[in-house]
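A closer look at the structure
Below, each chain spelled out in residue letters.
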Amino acid sequence: MKRPEEYRKVAVIGCGFIGYSWGVVFARGGCSVSMYNRKSPTLDTVMERIEGALGFLAEEGVIPRENIPEITGRITVTDNLDEAVKDADYIQECLWEDIELKKDIFRKLTDMTDGSIPIGSSCSGLRISDIAAEVENHPERCLTAHPTNPPHLIPFMEISGDNASEEIKDSVRDFMEHIGQKPIKCKEVYGYVLNRLQLSLVQEALYLVKEGVCGVADVDRALTDGLGLRWAFTGPYGVEELNSASLCEGLDKYKDYMLQFFNEEQQKVTDYDKEFIDKCVREFKPVMGNMSHDEYLLWRDRMVTRTRLIKEKQ
C-alpha cells in the first residue's frame, strides 16, 4: 500500500458544502486536487468558495496569506469525470446522501480506476457496504471516510467499512493524519461514532424542551457555557477520569446513578409536531442575537478555529 507521502493526486467528486471543504484540506496538505462536478452553479463557484475558505484561514492566523496562490495552484476544476480521476491516488466522494446516486457513482469510479486506488465516501447515515454492494472491480478498496462539517476547520473523521480491507483503511488513515486530519477507525453502524453521540444529545435536548423542563436557550447554555468548555479538551471518559480519583473509580462510583437514568429516567422522543418546531425556532432566535444565519455561521467558524489553535499549542 502507498505511504502517506505517496498520495500525490486526489479527486474530489462533488463540489458542494463538503466537497469544496475537502478540496481545501487536500490542497493544504500538499496534494494536487481535481474537483469534479456536473456543469452547474456549484461547479462554477467552487474556486470562489475555496479561496474564501483560505482567506478566512489567513485572517485567523492559520496559514500565511502569501501561501494562498500556491495552495489554489494545486487545484483544478472539471466536469469531466475521466479527467478528474486520471492518475488519482485517492478519490473522495461527496455527493448527496442518496443511496442510488452513491451506488451509481461507485460503480463508475471503480470501473474507471485501477483496483489499488482507495475510494472514500463522505456518507454519514448510509453504510458503505450498501453503497458498494454492486461494485465488481475490487470492492475491498471502498470505504467510508466521513468528515465532520466543515472538514477544513474540524479535523475529526471516521474511517469505516466492514468489507474494506484493513490495509486500505490503515493506508487512508495514515494519509489523513499526514495532511492534518484526526481520523479514527470504527465498525459500520448507523451514524458511525460522532453522529451517534450527537443524536443522543439532541434527543435529550428535544426531550427537555418538549417536557417543559427548560427552554431552548437554557439547553444551549448548558452546552456552550458548561459541558462544551471541557468537552473541547476531555471527552466523556476524560470527564469521568477527572470527576473522581481515576476513571476506574468514576465508572464504579457513578454506576448506579447512571444505570438508574439509562433504565428508569431516560425517555425517548418518538415524535414532535410543527407547533414544537415553531416553538424551538422562536426560542432560539435570542441565542443568535442580531446575527443572521450566515453571520452566526461565520462566528461559529471563528470560534472553532480559535479553539483549535489553542488546542494545537498545548
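Above: the structure in question.
These notes cover the structure that comes with them. Note that this is a predicted model, so its numbers are computed, not measured.

The rules behind each value
Residues numbered from 1 in each chain as written. Predicted model: local features only at pLDDT ≥ 70, side-chain atom pairs only at ≥ 80, totals over all residues. Heavy atoms only, no water. Pairing = 2+ DSSP bridges. Helix = DSSP H or I, 4+ residues; strand = E, 2+ residues; numbered from the N terminus. Axes fitted to C-alpha atoms, helices over the stretch in contact; angles between N-to-C directions. Contact = heavy atoms within 4.5 Å. 1 Å grid on protein atoms, 1.4 Å probe; cavity = no way out; pocket = protein on both sides within 12 Å on 5 of 7 lines; lining within 4 Å. Points joined across faces, edges and corners; volume = space filled by probe spheres on them. Nonpolar A, V, L, I, M, F, W, Y, C, P; charged D, E, K, R; others polar. Buried < 20%, exposed > 50% of the residue type's maximum accessible area, 1.4 Å probe, protein only. Right-handed = clockwise from strand over helix to strand, strands pointing away. Core = buried A, V, L, I, M, F, W, Y, C linked by side-chain atoms within 4.5 Å.

Taking strand neighbours across the sheet as the criterion, the eight strands line up as β3-β2-β1-β4-β5-β6-β7-β8 in an open arrangement whose pairing is mixed. The sheet terminates laterally at β3 (75-78) and β8 (182-185), the two strands that pair on one side only. Shown here is a sheet whose adjacent strand axes are inclined to one another by a mean of 25 degrees, direction ignored. Looking at chain direction, strand β5 (residues 119-121) and strand β6 (residues 142-147) are connected through three bridges and run parallel. Bridge assignment links I119 to a residue of β6, and that residue is C142. Contacts from helix α3 (residues 46-59) reach β2 (32-36) and β3 within the one sheet, and its direction differs from that of β3 by about 155 degrees.

For the rest of this paragraph, the subject is the layout of surface pockets. The calculated volume of the second largest pocket comes to roughly 500 Å³. Breaking the lining of the second largest pocket down by element, the ones donating at least two residues are α1 (17-28), α3 and α15 (293-312). No other element matches the five residues that α15 contributes to the lining of the second largest pocket. Across the lining of the second largest pocket, the residue classes break down as eight nonpolar, three polar and four charged.

Before going further, it helps to examine the pairing of β2. In terms of burial, β2 is largely enclosed, as four of its five residues are buried. When strand β1 (residues 9-13) meets β2, the two strands line up parallel, connected through five bridges. Bridge pairing links V12 to M35 in β2. The parallel pair β1 and β2, bridged by α1, forms a crossover whose chirality is right-handed.

What follows is about the nonpolar core. Ranked by internal contacts, the top residues of the largest apolar core, which has 38 residues, are F26, Y90, F175 and M176. Broken down by secondary-structure element, the contributors of at least two residues to this core are β1, α1, β2, α3, α4 (68-72), β6, β7 (156-160) and α8 (166-178). Ranked by residue count, the leading element in this core is α3, at seven residues. Those residues in contact with M176, other than ones at most four positions away along the chain, are W22, F26, Y90, Q92, M157, Q181 and P183. Within the second largest apolar cluster, 22 residues are counted, among which are I117, C123, L126 and C186.

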